[in-house]
Amino acid sequence: MKRSQWLALPLLLSFCVALASVPEPIAAPYDVAAFVQRLDTLRKDAHIPGLSFAVVQDQRIVVAAGLGLANIEQGVPATAETPYDIASVAKPLSAVVALHLDEQGVLDLDAPLAGYSDWQAFCEGFSRQPSVLAKGLRCDVPGETLRHLLSHTATGIPGTHFSYNPVLYSWASRPMMAVSDESFSALVEQDVFVPAGMTRSARKYRDLPLRADLAAQQAQPYRIDADGKAAPAPPRSPQGDGAAGGDVSTALDLARFDIALDSGKLISATSRQQMMTPTPMRDGRTAQYGLGWFIQTYKGHKLVWHSGWWDDAYSALYLKVPDRNVSFIVLANSEGVWWNNPPERAEVQRSAFAQAFLSAFVGI
């Protein structure tokens, strides 16, 4: 399919496409126009001002585009290169950093966290907090490891049950910084962004402002009221340099990450398999989570995914179907992509955006 033919798809909507420095979109037996139309309908139904997405098949871009407005007040359209805060979709990227350090022999995912001087103080302080995420955290049980944090199996007796906990996942950056003598943001830059060619991605935290060019173009986050009207979201409290979030990226850059991950540019095939294998627990069951990814089976297909959600601001979904070698990335400047997935289970099939992708590209 020629590029001019692809850009002339007879859609009944306007969308912006950015394809610089990425492979030619592939010809595939999919009704791409109908898929994009469906995404735009879902966007409007969820009152999402702006949305960007990409589909990757066999390490090639099938489609990448933007729908709606990245900034309502300024009339800026969303494109495939619009930067968003990707929230918890940062977790797979953070897990790549841990596995890369493990491959280098400088980090042991199974070493006790007690070996890191500030773990005990953090654990005891957090366990006394009223947050639901602190409930059941045990600081008197030996054997807590970085693998437990990255697989969300750290609460209670380590390795006995799955409990999604972004606070503990965030703390996982500490051992990585300790063994490398680098900031976590520097590790993400050198181990993920640079080798994957993610030139429009950057980290931010309380001591690191977002890169100026991305800050000027970042999608404005919106709070949507009960009538579906959008208002700019209030500023967020600054966060630390943690592994649970802190990444600003684009749909196309995450497509580049997907290609680099699957082609072995970031970590080995063995490490990638670790990421995408359900974590075994002590009683013989497995968690619906690997290292940085939710994992489930749906209609005979293994689904590997992560969502991102900042209430009244941003939402995201990154979904892989390994047996079809196809991936879907969608980023939004409101919480409209979020579907209230229960924290103790993997249920991406409840997402209307996931269903649109699975129907169009997997046939389920």
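Look above for the structure.
Residues numbered from 1 in each chain as written. Predicted model: local features only at pLDDT ≥ 70, side-chain atom pairs only at ≥ 80, totals over all residues. Heavy atoms only, no water.

A. Structural detail: the overall build of the chain. When helices and strands are tallied, the chain shows 12 helices and 12 strands. Since a compact globule built from 364 residues should have a radius of gyration of about 21 Å, the 20 Å found for the chain is in line with a globular shape. Dimensions along the principal axes, computed over C-alpha positions, put the chain at roughly 60 × 40 × 35 Å. Excluding contacts between residues fewer than 6 apart, the proportion of contacts in the chain whose partners are at least 24 apart in sequence is 63%. The distance from the centre of the 31 positive side-chain charges to the centre of the 36 negative ones in the chain is 5 Å. (Helix = DSSP H or I, 4+ residues; strand = E, 2+ residues; numbered from the N terminus. Rg over C-alpha atoms; globule rule 2.2 N^0.38 Å. Contact = heavy atoms within 4.5 Å. Lys, Arg positive; Asp, Glu negative; His and termini not counted. Charge placed at Lys NZ, Arg CZ, Asp CG, Glu CD.)

B. A look at the packing of helix H3 (residues 90-103) against helix H10 (residues 251-262). Their axes nearest at 12 Å, the elements H3 and H10 cross at an angle of 35°. Considering the relative orientation of H3 and H10, their crossing is left-handed. Residues Pro-92, Leu-93 and Val-96 of H3 form the contact with H10, whose own contacting residues are Leu-254, Phe-257 and Leu-261. The residue inventory of the contact of H3 with H10, partitioned by class, reads 6 nonpolar, no polar and no charged. (Axes fitted to C-alpha atoms, helices over the stretch in contact; angles between N-to-C directions. Left-handed = near helix turned anticlockwise from the far one by under 90°. Nonpolar A, V, L, I, M, F, W, Y, C, P; charged D, E, K, R; others polar.)

C. Focus on the state of the cysteines. This structure, assessed with the given rule, holds 1 disulfide. The side chain of Cys-123 participates in a disulfide bridge whose partner is Cys-139; the two sulfur atoms lie 2.1 Å from each other. Disulfide Cys-123 to Cys-139: torsion about the S-S bond roughly -95°, handedness left-handed. With a gap of 16 residues between them, Cys-123 in helix H4 (residues 119-127) and Cys-139 in the loop between H4 and helix H5 (146-150) connect regions that are remote in the sequence. (Disulfide = S-S within 2.5 Å.)

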